[in-house]
Amino acid sequence: MVVKSDNALLDKDFEAKFNEFKILFGRRIKYYRDLRNYTQERLAELAGIEQSSLSNIEKGRVYPAQMTLYRLATVLEVEPYQFYTVHPQLAVQDMVKEISVAMYQDKNLAELMYKFFCTIH
């Protein structure tokens, strides 16, 4: 619902920016879900919400209620504020997992990472 005002352009600008925010927010939740290797169905079950609700949140169609936000953060083992950061500070175990998966999938990257490690260690 958009509140009508004398400056409808500002209202449209605000609505566009909020829609963009919801999309980025949803991507952050999906990012953490992927790090935990959870399907939408599994995360929704653990958080006690409908899978369709989680899908709508991840797609930026809706913004979650505070209780839902807290449940998602708890299950994903992150602080709620981490959903709002564009470049999150990864926990060490998440960083290791991402690097390991990338190196497992790309032999050249694994060799490069090993050479880098040897030069700094």
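This section reports on the structure supplied with the text. (Residues numbered from 1 in each chain as written. Predicted model: local features only at pLDDT ≥ 70, side-chain atom pairs only at ≥ 80, totals over all residues. Heavy atoms only, no water.)

### Concerning the packing of aromatic side chains
Piece 1. Here the structure, examined in full by the defined rule, presents 11 aromatic pairs.
Piece 2. Ring geometry for Phe25 versus Tyr84: centroids 5.1 Å apart, planes at 55°, classification tilted. Residue Phe25 is located in helix α1 (residues 8-35), and its partner Tyr84 is located in the loop between α4 (66-76) and α5 (92-105); the two are separated by 59 residues in the primary sequence.
Piece 3. Of the residues examined, Tyr84 reaches a relative accessible area of 38% and is grouped as partly exposed.
Piece 4. Through pairs of rings, three or more aromatic residues link up here, namely Phe14, Phe18, Phe21, Phe25, Tyr31, Tyr32, Tyr63, Phe83 and Tyr84.
Piece 5. In this structure, Arg28 packs its charged tip against the face of Tyr31, placed 4.8 Å from the ring centre. (Phe/Tyr/Trp six-rings, centres within 6.5 Å; stacked < 30°, edge-to-face > 60°. Helix = DSSP H or I, 4+ residues; strand = E, 2+ residues; numbered from the N terminus. Buried < 20%, exposed > 50% of the residue type's maximum accessible area, 1.4 Å probe, protein only. Lys NZ or Arg CZ within 6 Å of the ring centre and 35° of its normal.)

### Focus: the packing of helix α2 (residues 40-47) against helix α3 (residues 51-58)
Piece 1. Two numbers describe how α2 lies on α3: the axes approach to 8 Å, and their chain directions differ by 110°. The angle between α2 and α3 falls in the class roughly perpendicular. Handedness of the crossing formed by α2 with α3: right-handed. Listed contacts from α3 to Gln40, Glu41, Leu43 and Ala44 of α2 are Gln51, Leu54, Ser55 and Glu58.
Piece 2. Each residue belonging to the contact of α2 with α3 can be placed in one class, and the counts come to three nonpolar, three polar and two charged. (Axes fitted to C-alpha atoms, helices over the stretch in contact; angles between N-to-C directions. Parallel < 35°, antiparallel > 145°, perpendicular 65-115°, else oblique. Left-handed = near helix turned anticlockwise from the far one by under 90°. Contact = heavy atoms within 4.5 Å. Nonpolar A, V, L, I, M, F, W, Y, C, P; charged D, E, K, R; others polar.)

### Quick word on α4
Piece 1. Taken residue by residue, α4 has Thr68, Leu69, Leu72, Ala73, Val75 and Leu76 as its buried positions. Taken end-on, α4 shows its buried residues confined to a sector of 165°, consistent with a single buried face. In this structure, α4 carries Gln66, Met67 and Tyr70 as exposed residues pointing more than 90 degrees from its buried face.
Piece 2. At the C-terminal side of α4, Glu77 shows a positive phi close to 60°. (Arc of directions from axis to C-beta.)

### Description of helix α6 (residues 107-120)
Piece 1. Relative to the 20 Å expected for 14 residues at 1.5 Å per residue, α6 spans 20 Å between its end C-alpha atoms, a close match to the ideal helical length.
Piece 2. Little of α6 is tucked away: zero of the 14 residues are buried.
Piece 3. A distance of 3.0 Å separates the backbone nitrogen of Asn108 from a side-chain oxygen at the start of α6, and that oxygen is part of Asp106. (Expected span 1.5 Å × (residues − 1). Polar contact = N/O pair within 3.5 Å; in protein donor to acceptor, adjacent residues only side chain to side chain.)

### Overview of the environment of Ala47
Piece 1. Inspection of the secondary structure puts Ala47 in helix α2.
Piece 2. Residue classification places Ala47 among the buried residues on the basis of a relative accessible area of 3%.
Piece 3. C-alpha of Ala47 to C-alpha of Arg71: the two residues are 24 residues apart in sequence and 5.3 Å apart in space.
Piece 4. Once you skip the residues sitting within four places of it in the chain, Ala47 turns out to touch Arg71, Leu72 and Val75.

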